[in-house]
Amino acid sequence: MTFQPGSPINPADPADPSDSGAPSEPAAAGPSLLDRLGGRDAVEAVVDAFYSRVEGDEELRAVFPDDLGPGREKQKLFMEQWLGGEPRYSERYGHPQLRLRHFPFVISERAAGRWMRHMTGALRESGAADDLVAELLTMLGPLAQHMVNEGQPVPREPLADPYLS
Ligand code: HEM
């Protein structure tokens with residue numbers, strides 16, 4: 001996949017000010033990433049598998065709130081949208097602003113690595129084709145890096161805007 005330089009939705013650019021976390025449009029017509037993965041059911045299965053892995057990872061689990069449920073459901077809506085599906089996440093919660101939404105959670109380089117490892121496992125487990133898994137991981141790597149905020153002077157208090165909470 002190619003990314004449009006300067007596109008407001010370029011996940012390859014961690015400095016992207018729009019921070020939508022959304023992939024750019026495919027350069028040529030063809031099945032969306034969502035279709036290639038297997039649609040909504042497949043996304044939900046990947047997110048469930050990812051969260052199971054987080055649950056089993058004491059170190060990463062500690063970064064997440066006690067109740068994993070709401071975050072898991074948001075992640076499903078987001079992922080579907082991010083892969084080219086219906087924008088149900090933004091309809092409910094507004095602009096993703098992912099980095100900002102992660103400010104209340106201290107995210108280290110190590111946590112980003114573990115996040116990527118579990119997402120890799122979840123994608124592989126889903127039976128997605130190797131080239132699709134590689135493509136998705138290439139897109140997710142910079143995004144995970146963009147979430148790292150340990151040691152940075154970012155506001156840690158819970159987000160006040162209900163649209164962002
Ligand atoms: C780098 C490591 C990452 C860590 C440790 C991390 C951790 C977290 C935590 C603790 C939450 C809050 C969950 C809750 O409120 O229940 C969260 C929410 C979320 N994360 Fe991450 N995350 C990481 C990377 C990513 C990446 C790369 C993406 C996108 C592909 C992502 C997408 C989301 C979404 C969509 C939400 C829900 C946001 C909301 O609407 O409140 N995260 N993440």
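Residues numbered from 1 in each chain as written. Predicted model: local features only at pLDDT ≥ 70, side-chain atom pairs only at ≥ 80, totals over all residues.

**Observations regarding the overall build of the protein chain**
In terms of regular secondary structure, the protein chain is built from eight helices and zero strands. When its helices and strands are written in sequence order, the protein chain yields α-α-α-α-α-α-α-α. Every one of the 165 residues in the protein chain was classed for burial, and the buried ones make up 27%. The contacts in the protein chain between residues at least 6 apart in sequence include a share of 67% that link residues at least 24 apart. (Helix = DSSP H or I, 4+ residues; strand = E, 2+ residues; numbered from the N terminus. Buried ≥ 20, exposed ≤ 12 C-beta atoms within 10 Å, placed from the backbone. Contact = placed C-beta atoms within 7 Å.)

**Describing the site of the ligand**
For the ligand, the set of nearby residues contains 22 residues, the closest of which are Gly71, Phe78, Ala112, Trp115 and Ala144. Of all elements in the fold, only α4 (69-82), α6 (98-102), α7 (109-125) and α8 (130-147) reach the threshold of two or more residues within the shell around the ligand. Examining the composition of the shell around the ligand, we find that five residues originate from one element, α4, more than from any other. Of the residues belonging to the shell around the ligand, the class tally is 16 nonpolar, four polar and two charged. (Near = placed C-beta within 6 Å. Nonpolar A, V, L, I, M, F, W, Y, C, P; charged D, E, K, R; others polar.)

**Quick notes on unusual backbone geometry**
Despite not being glycine, glutamine 97 has its phi angle at roughly 40°, a positive value. Within the secondary structure, glutamine 97 is located in the loop between α5 (88-93) and α6.

**What to know about the nonpolar core**
Counting residues in each nonpolar core, the largest one holds 28 residues, and the members touching the most others are Val43, Val46 and Phe50. Breaking this core down by element, the ones donating at least two residues are α1 (33-37), α2 (39-55), α4, α7 and α8. Here this core gets seven residues from one element, more than from any other, and that element is α2. Discounting residues that sit within four places of it in the chain, valine 43 has contacts with Leu34, Leu37, Lys76, Met79, Glu80 and Leu83. (Core = buried A, V, L, I, M, F, W, Y, C linked by C-beta atoms within 7 Å.)

**Comments concerning α4**
In this model α4 runs 20 Å from its N-terminal to its C-terminal C-alpha over 14 residues, within 8% of the 20 Å that 1.5 Å per residue would give. Burial in α4 covers these residues: Gln75, Lys76, Leu77, Phe78, Met79, Glu80, Gln81 and Trp82. The elements touched by buried residues of α4 are α1, α2 and α5. Glycine 84 lies just past α4 and shows a positive phi near 105°. (Expected span 1.5 Å × (residues − 1).)

**Structural notes on the packing of α7 against α8**
Viewed as axis vectors pointing N to C, α7 and α8 meet at an angle of 160°, and their least axial separation amounts to 10 Å. For the element pair α7 / α8, the angle class is roughly antiparallel. Crossing of α7 over α8 shows right-handed handedness. Across the interface between the two elements, Ala112, Trp115, Met116, Met119, Thr120, Leu123 and Arg124 of α7 pack against Val133, Leu136, Leu137, Leu140, Gly141, Ala144, Gln145 and Met147 of α8. Here the residues of the contact of α7 with α8 are counted per class, giving eleven nonpolar, three polar and one charged. (Axes fitted to C-alpha atoms, helices over the stretch in contact; angles between N-to-C directions. Parallel < 35°, antiparallel > 145°, perpendicular 65-115°, else oblique. Left-handed = near helix turned anticlockwise from the far one by under 90°.)

Don't take any of this as a statement about function, it's just geometry.
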